[in-house]
Amino acid sequence: MVEALLADSTYAGHPLHSALAALWELYLTQAQRLDRIARLSDRVQFSERVHERTRTERFEKQLRQLEKMTRISDRYQDMMHELNSALQQASTHDALTSLPNRRLLNDRLKQEAARSKRLETPLCIGLLDIDHFKQVNDTFGHDAGDEVLRTVACATRDSLREYDLCGRWGGEEFLLLLPAISLEDAEATMQRLTELLHGLRFDCLSEEYRISASIGLTAYRQDERPEDAVARADAALLEAKRGGRNRVTVAA
Ligand SMILES: Nc1nc2c(ncn2[C@@H]2O[C@H](COP(=O)(O)OP(=O)(O)OP(=O)(O)O)[C@@H](O)[C@H]2O)c(=O)[nH]1
């Protein structure tokens, strides 16, 4: 409308014509500036939004990486935990029979001897050895021998009380720690165990083959070292072997 007024020759001589033309010119310049500023502002805002998006994406990516690392670290810790347990088990237990090994047995022997001394309660110690085990290996093979060892270990452990301990002392020899039992009762328990072992049947041996075990038994004396009692049980075991095997010999 202003442009139409300024273009109209009727108002060309009007005293306000030049003022209106100057004002219009000023308005157009300002409008152009405003337009440039608005475009600039749009560009800045757009670039801000792009930056914001890349920042968010970067942050989310880092978060995902962190979560992944946490998961890996958790898995790694679980593996370390399992490895530690396996190492602990391997250092204290026999791989073939899963029974306590000689190292753990020695620790428990000392603990039980100390407890027996402190509480003045009896502690019986037995050494069990499978008879003619070499013959089992030689006749039926080493795998059959292993199977016999596993079965004897399992049967012996299951025949004992909860607080007794049976471990693999070495080869075909097992150490038994029997706390809080008289020598007389322990002898009866060992007698039942030799009968149980003699009655075992094995698929890996021939139908008629029967294994047997000899046991040397003694009571820990509270004024001696635990290993002295084990040596006495060992001597009693030798006597049981010499006496014909498949028997219990007590060293009082
Ligand atoms: N299969 C198998 N055999 C073993 C293992 N450890 C020891 N032996 C065997 O056990 C046998 C022990 O034989 P000996 O010490 O001569 O005793 P034995 O034949 O039982 O005879 P006595 O003890 O006198 O009745 C050896 O042949 C060893 O190789 C094992 O982990 N697995």
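Being a predicted model, the structure only gives us computed values, none of them experimental.

1. What about the environment of Val2?
So, step 1. Its place among the elements puts Val2 in helix α1 (residues 2–7).
So, step 2. For Val2, a relative accessible area of 26% gives the class partly exposed.
So, step 3. Remark: the alpha-carbon pair of Val2 and Leu20, spanning 18 residues in sequence, is separated by 8.3 Å.
So, step 4. Ignoring sequence-local partners within four residues, the contact set of Val2 consists of Leu20 and Trp24.

2. Focus: the UniProt feature "domain: GGDEF" (unreviewed entry) in the protein
So, step 1. Residues annotated by UniProt as "domain: GGDEF" (unreviewed entry) correspond here to residues 121–252.
So, step 2. Across residues 121–252, helical content stands at 45% and strand content at 24%; the span's end C-alpha atoms are separated by 16 Å.

3. Concerning the site of the ligand
So, step 1. Among the 17 residues in the neighbourhood of the ligand, the closest are listed as His132, Phe133, Lys134, Asp146 and Arg168.
So, step 2. In this structure, an oxygen atom belonging to the ligand sits 3.2 Å away from a side-chain N or O atom of Asp129.
So, step 3. At 3.1 Å, a side-chain N or O of Glu172 approaches an oxygen atom of the ligand.
So, step 4. Burial of the ligand by the protein chains amounts to 66% of its free accessible area of 670 Å².
So, step 5. Elements supplying a minimum of two residues to the shell around the ligand: β1 (123–130), α4 (133–140) and α5 (142–159).
So, step 6. Element by element, the count of residues in the shell around the ligand is highest for α5, at 4 residues.

Calculation criteria
- Residues numbered from 1 in each chain as written.
- Predicted model: local features only at pLDDT ≥ 70, side-chain atom pairs only at ≥ 80, totals over all residues.
- Heavy atoms only, no water.
- Helix = DSSP H or I, 4+ residues; strand = E, 2+ residues; numbered from the N terminus.
- Buried < 20%, exposed > 50% of the residue type's maximum accessible area, 1.4 Å probe, protein only.
- Contact = heavy atoms within 4.5 Å.
- UniProt positions renumbered as here; feature names shortened; annotations may be inferred.
- Near = heavy atom within 4 Å.
- Polar contact = N/O pair within 3.5 Å; in protein donor to acceptor, adjacent residues only side chain to side chain.
- Areas by Shrake-Rupley, 256 points an atom, 1.4 Å probe, with all protein chains shown as cover.

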